[in-house]
Amino acid sequence: AQTVTQSQPEMSVQEAETVTLSCTYDTSESDYYLFWYKQPPSRQMILVIRQEAYKQQNATENRFSVNFQKAAKSFSLKISDSQLGDAAMYFCAYKKSGGGADGLTFGKGTHLIIQP
Amino acid sequence: ETGVTQSPTHLIKTRGQQVTLRCSSQSGHNTVSWYQQALGQGPQFIFQYYREEENGRGNFPPRFSGLQFPNYSSELNVNALELDDSALYLCASSLNPSGFTDTQYFGPGTRLTVL
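Residues numbered from 1 in each chain as written. Chains lettered and ligands numbered in written order. Predicted model: local features only at pLDDT ≥ 70, side-chain atom pairs only at ≥ 80, totals over all residues. Heavy atoms only, no water.

**Q** I keep staring at the nonpolar core and nothing clicks. Help me out?
**A** Side chains of a nonpolar character, in soluble globular proteins, are inclined to be buried together. Membership of the largest hydrophobic core comes to 25 residues, with the highest contact counts inside it found for A:Y25, A:W36, A:F75, A:L77, A:Y90 and A:L112. Looking at this core, the elements that each hand over two or more residues are β3 (19-21), β5 (32-39), β6 (46-52), β8 (64-69), β9 (74-79), β10 (88-96) and β12 (110-115) of chain A. At four residues, the largest contribution of residues to this core is made by β10(A). Excluding residues that lie within four positions of it along the chain, A:F75 makes contacts with A:C23, A:Y25, A:L34, A:F35, A:W36, A:Q51, A:V66, A:N67, A:F68 and A:C92. Core analysis: the next-biggest nonpolar cluster, separate from the first, contains 19 residues, B:C23, B:I46, B:Y89 and B:C91 among them. (Core = buried A, V, L, I, M, F, W, Y, C linked by side-chain atoms within 4.5 Å. Buried < 20%, exposed > 50% of the residue type's maximum accessible area, 1.4 Å probe, protein only. Helix = DSSP H or I, 4+ residues; strand = E, 2+ residues; numbered from the N terminus. Contact = heavy atoms within 4.5 Å.)

Next comes the structure, spelled out in structure tokens:
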């Protein structure tokens, strides 16, 4: 079974600086998707960024970018120019591609604190 | 805002009771998934419904059951509640169960407390 590991329970960064959140995963599949979700205190899980495993190019969404290392099974999230609104729990998630209904497999999350 | 809504926001039940949670999918989405998120943990997949049928299930016992209706709204039913069922229950909708368009969009969740 696939697993997702987030080794940083909590990270703190100064406003306007850059922070990187780590995620590793374990799977025997060759084709899959990876996601980062943000969960603020309001509890609603918000999609931040997604990556298709067959794509070598790292995904980017404005201030958010990923470093996807397929061989190392690593999928880190970089947040540039951190803002107070970025404070939240961040979850890394995996999903096998090619149909099926396995659902998302989540890590335990990283609590991101933004220092003003 | 994702367009996915859930009700109620909070719920308190006692051990042994039954509970029904509701979810309204984002417009145009035909697949709904349910997740249980215990305090301090990531969400865990309960099951998924596609075109009114369960087509995938995580490691949850049969007392967790669901329904999906023709308008793609959904219910999660939990029988014989246990203390460990206390959690945030998240509903997520997506367009179809395969392909890259399977990105799931989450509702705000229902906080269930079992006493």
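Okay, back to it.
**Q** Is there a simple way to think about the layout of surface pockets in this case?
**A** To find the voids left in a structure, one rolls a probe of water-molecule size over its atoms. For the largest pocket, the calculated volume is near 430 Å³. In terms of lining, the largest pocket is formed by 18 residues, of which the most central are A:L104, A:T105, B:P43, B:Q44 and B:F45. Listing elements by their share of the lining of the largest pocket, those giving two or more residues are β11 (105-106) of chain A together with β5 (44-50) of chain B. Reported here for the second largest pocket is a volume of approximately 280 Å³. Together, 18 residues line the second largest pocket, and A:Q39, A:M89, B:Q37, B:L39 and B:G40 are the ones closest to its centre. At the level of elements, β10 and β12 of chain A are the ones that each hand at least two residues to the lining of the second largest pocket. Among the elements that take part in the lining of the second largest pocket, β10(A) stands out by supplying three residues, more than any other. Each residue belonging to the lining of the second largest pocket can be placed in one class, and the counts come to 10 nonpolar, five polar and three charged. (1 Å grid on protein atoms, 1.4 Å probe; cavity = no way out; pocket = protein on both sides within 12 Å on 5 of 7 lines; lining within 4 Å. Points joined across faces, edges and corners; volume = space filled by probe spheres on them. Nonpolar A, V, L, I, M, F, W, Y, C, P; charged D, E, K, R; others polar.)

**Q** Got a minute to help me understand the sheet that holds strand β1 (residues 5-7) of chain B in this structure?
**A** What holds strands together in a sheet is hydrogen bonding between their backbones, with the strands either parallel or antiparallel. Residues and elements named next belong to chain B. Within the open sheet, the four strands sit side by side as β1-β3-β8-β7. Their pairing is antiparallel. A strand with exactly one partner marks an edge of an open sheet, and here the two such strands are β1 and β7 (64-68). Neighbouring strand axes in the sheet, compared pairwise and without regard to direction, differ in orientation by 20° on average. Pairing of β7 with strand β8 (residues 74-78), which is carried by five bridges, proceeds in the antiparallel orientation. Its bridge partner lying in β8, L67 is registered against E75. (Pairing = 2+ DSSP bridges. Axes fitted to C-alpha atoms, helices over the stretch in contact; angles between N-to-C directions.)

**Q** Explain unusual backbone geometry here, please?
**A** In terms of backbone geometry, most residues other than glycine have negative phi values and most peptide bonds are trans. Residue B:P8 is bonded to the preceding B:S7 through a cis peptide linkage, with omega at -10°. Structurally, the position occupied by B:P8 is in the loop between β1 and β2 (10-13). Even without being glycine, A:A16 reaches a positive phi, approximately 80°. One non-glycine residue, B:R51, lies in the positive phi region at around 50°. Summarising the element assignment, B:R51 is placed in the loop between β5 and β6 (53-57).

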